[in-house]
Amino acid sequence: MNTRKEYIKFIIVGVLNTGHYYLWYLLLYTVCEWPYLLSHIVATFNSMIGSYFMNVYFTYEEKPSWKSFLLFPLTQVTNIVIQTIGMFVFVEWLSVSPYFAPIATVLISIPITFVVTRRIIRVSKEA
């Protein structure tokens, strides 16, 4: 499969997973009244499992394996770091609402996370 098609599928999965993440974020931040950064971190981890399966099956058309499943969180380290720093910068320095900051940080993290995810899933397949 070509990189362009994978990237488009990655974005589709990202949109679905972002919705999943954002629902968790709103639940934790609004209903449970947790701090925004804690809500963000917990929502990120909750959405990671769904992201793994959507990317393996749909984006890269691979079979899931324990190895790729266990390595997948490494792909999210980049995503978590970029988004967490972005959340802080947007909310604390740029005075963006904590309701909108998660969406802005996703736009920054997509291309970087795509490259890391592709490498991890493909490397785990070859090994």
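None of these values were measured; they are calculated from a predicted model. Along each chain, numbering runs from 1 in the same order as the chain's sequence is written. Under the rules for a predicted model, residues below a pLDDT of 70 receive no local features and side-chain atom pairs below 80 are neither given nor counted, while totals for whole chains, interfaces and linings still include all residues. Computation of side-chain values: all heavy atoms of the structure, hydrogens and water removed.

Some points on the overall build of the chain
Strands are runs of DSSP state E lasting at least two residues, helices are runs of H or I lasting at least four, and both sets are numbered from the N terminus onward. Along the chain, the regular secondary structure elements total four helices and zero strands. If you list the helices and strands of the chain from N to C, you get α-α-α-α. Here the globule rule is a power law, 2.2 Å times the number of residues to the power 0.38, and the radius of gyration is based on C-alpha atoms. Since a compact globule built from 127 residues should have a radius of gyration of about 14 Å, the 15 Å found for the chain is in line with a globular shape. Taken along its principal axes, the extent of the C-alpha atoms in the chain is 45 × 25 × 20 Å. Each residue gets one of three labels from its accessible area relative to the maximum for its type: buried under 20%, exposed over 50%, partly exposed in between, using a 1.4 Å probe on protein chains only. When each of the 127 residues of the chain is scored for burial, the buried share is 35%. Considering only contacts within the chain whose residues lie at least 6 apart along the sequence, 69% involve residues at least 24 apart. Carbon and sulfur atoms make up 73% of the accessible area of the chain, which totals about 7,300 Å². Taken as two groups, the 9 positive and 6 negative side-chain charges of the chain have centres that lie 13 Å from each other. When checking whether two residues touch, look at their non-hydrogen atoms; a contact exists if any pair is within 4.5 Å. Accessible surface area values rest on a Shrake-Rupley calculation with a 1.4 Å probe, where residue burial reflects the displayed protein chains alone. For the purpose of charge, His is not counted, nor are the chain termini; Lys and Arg are scored as positive and Asp and Glu as negative. One atom stands in for each charge, and that atom is NZ of Lys, CZ of Arg, CG of Asp or CD of Glu.

Looking at the packing of helix α1 (residues 3-31) against helix α2 (residues 36-59)
Lines fitted to C-alpha atoms define the axes, with helix axes restricted to the stretch in contact, and inter-axis angles between N-to-C directions lie between 0 and 180 degrees. Look at α1 against α2: their axes get within 8 Å of each other, and the N-to-C directions meet at 150 degrees. As far as their axial angle goes, α2 and α1 are roughly antiparallel. Considering only the axes of α1 and α2, their crossing is right-handed. Lys, Arg, Asp and Glu make up the charged group, whereas Ala, Val, Leu, Ile, Met, Phe, Trp, Tyr, Cys and Pro make up the nonpolar group; the residues left over, Gly among them, are polar. A breakdown of the residues in the contact of α1 with α2 according to their chemical character gives 14 nonpolar, eleven polar and two charged. Just so you know how the angles are binned, under 35 degrees is roughly parallel, over 145 roughly antiparallel, 65 to 115 roughly perpendicular, and the rest oblique. Left-handed describes a crossing in which the near helix is turned anticlockwise from the far one by less than a right angle; the clockwise case is right-handed.

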